[in-house]
Amino acid sequence: MVFPERVTLVEVGPRDGLQNEARPVSAADKIALVHALQAAGLRHIEVTSFVSPRWVPQMADNAEVMAGMARAPGVRYAVLTPNMKGLEAALASRPDEVVVFAAATEAFSQRNINCSIDESFERFRPLVAEAHRHGIKVRGAVSCALGCPYQGEVSGDEVERVVRLMKEVGVDHCGVADTIGTGTPRRVQQALERALRHYSLGEVSGHFHDTWGQALANVYASLEMGVHTFDASVGGLGGCPYAKGATGNVATEDVLYLLDGLGIETGVDLERLVDAAAGISQALGRPVASRVGRAVLARRERSAAP
Ligand code: HMG
Ligand code: MG
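My aim in this report is to walk through the structure given alongside it, one point at a time. All figures in this text were calculated on a predicted structure; none of them were measured in a lab.

The rules behind these values
- Residues numbered from 1 in each chain as written.
- Chains lettered and ligands numbered in written order.
- Predicted model: local features only at pLDDT ≥ 70, side-chain atom pairs only at ≥ 80, totals over all residues.
- Heavy atoms only, no water.
- Near = heavy atom within 4 Å.
- Polar contact = N/O pair within 3.5 Å; in protein donor to acceptor, adjacent residues only side chain to side chain.
- Areas by Shrake-Rupley, 256 points an atom, 1.4 Å probe, with all protein chains shown as cover.
- 1 Å grid on protein atoms, 1.4 Å probe; cavity = no way out; pocket = protein on both sides within 12 Å on 5 of 7 lines; lining within 4 Å.
- Sits in = over half its atoms within 2 Å of the grid points.
- Helix = DSSP H or I, 4+ residues; strand = E, 2+ residues; numbered from the N terminus.
- Nonpolar A, V, L, I, M, F, W, Y, C, P; charged D, E, K, R; others polar.
- Contact = heavy atoms within 4.5 Å.
- Points joined across faces, edges and corners; volume = space filled by probe spheres on them.

Topic: the site of ligand 1
- Neighbouring residues of ligand 1: 25 residues in total, closest Gln19, Arg54, Asn114, Ser143 and Thr179.
- Within the side chain of Arg54, an N or O atom sits 2.6 Å from an oxygen atom of ligand 1.
- Between ligand 1 and the protein, one listed contact pairs an oxygen atom with a side-chain N or O atom of His209 at 3.1 Å.
- Surface burial for ligand 1 is 75%, taken as the share of its 1,100 Å² of free accessible area covered by protein chains.
- Put simply, ligand 1 lies in the largest pocket.
- Among the elements of the structure, helix H1 (13-17), helix H4 (84-91) and helix H5 (106-113) are those that each provide at least two residues to the shell around ligand 1.
- Here the residues of the shell around ligand 1 are counted per class, giving 11 nonpolar, 10 polar and 4 charged.

Remarks on the environment of Arg272
- Following the sequence through the fold, Arg272 ends up in helix H11 (residues 270-284).
- Once the C-alpha coordinates of Arg272 and Ala295 are considered, the two residues, 23 residues apart in sequence, prove to be 14 Å apart.
- Filtering out sequence-adjacent residues up to four positions away, Arg272 remains in contact with Ala39 and Ala40.

Regarding the layout of surface pockets
- Put simply, the largest pocket is a space of about 740 Å³.
- Taken together, 41 residues make up the lining of the largest pocket; nearest its centre are Val51, Pro82, Phe101, Asn112 and Ile113.
- Contributing elements (two or more residues each) for the lining of the largest pocket: H1, strand S2 (44-49), H4, strand S4 (97-103), H5, strand S5 (137-143), strand S6 (173-178) and strand S7 (204-208).
- Its volume calculated, the second largest pocket comes out at about 230 Å³.
- What lines the second largest pocket is a set of 16 residues, among which Gly236, Leu237, Gly248, Asn249 and Ala289 lie closest to the centre.
- Looking at side-chain class alone, the lining of the second largest pocket contains 3 nonpolar, 8 polar and 5 charged residues.

And the structure:
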């Protein structure tokens, strides 16, 4: 088996992580998080979303955060845009990438974006064209690819239908999202295989929530297929307001520790990444939740002890 030599980590903590926090997080704390993440070496950061502030008030400061962060050279900043209104608002913030998100099930599509799957693609079609006109890459996420909180099981055909629609409307990249974290390695490989029928290896990624503790195994299973792009969330922050009980994404530092151990390059520094996790956890008033984050902090405490 030949693993990829290099993996791209797409940090989604500021967006996926903070969209789901009950406790308000200030724009200044969000900006500090972005700065800490880029200082750790992350070169792809999903910063915020341009969605309805009535639906997701946590992201209402989108423009403020985008305007307040100091952009580092070589870093690509992405934002979520569910429709043309979102894209138009986002353009003023000069994102490098935008993310559209569709669901593999009708039930989740209705709950999350208030329309059917087909309607969502009618919204995406002009959005993609307009983003491309501005030279902006469009990534797509297929939510509920491994299970749906409303429907339950999701078939490969349901996943592939949405992947095909993504391709048809011109979305550049296809993320396979386990929104509720129920996927297991073989099933993840089957879902990825559906995406790889329509997108190249470089344009397929995994977005695994860790609700059932399978996310790292699912990353490993994806690596076995050569998939080399993963979304992850510092400190394991995250969830989706429309998937109650689903916990955060796989923690970036947990994935990094795995990749470091496999000798796979990422350009990300573990110690500085844990600093970022500690910073945002402190802002949220709780300890770092990730396994590797806690282990690194405990090691620091031991070595600081007299
Ligand atoms: P809607 O109510 O159907 O939209 O919402 P509408 O077009 O009927 O408009 C209703 C009102 O919303 C209007 O305002 C619009 O202007 C406004 P009013 O006239 O009533 O004052 N509006 C907007 N405002 C700001 N930004 C916009 C926007 N669009 C309309 N873009 C909509 C449709 C999609 C906007 C809504 O359902 C929404 O915002 N949903 C939230 C979706 C969301 O953020 N979910 C979480 C992120 S996705 C996720 O976490 C999954 C992912 O991580 C992958 C995975 O794990 O699965 C990506
Ligand atoms: Mg998510």
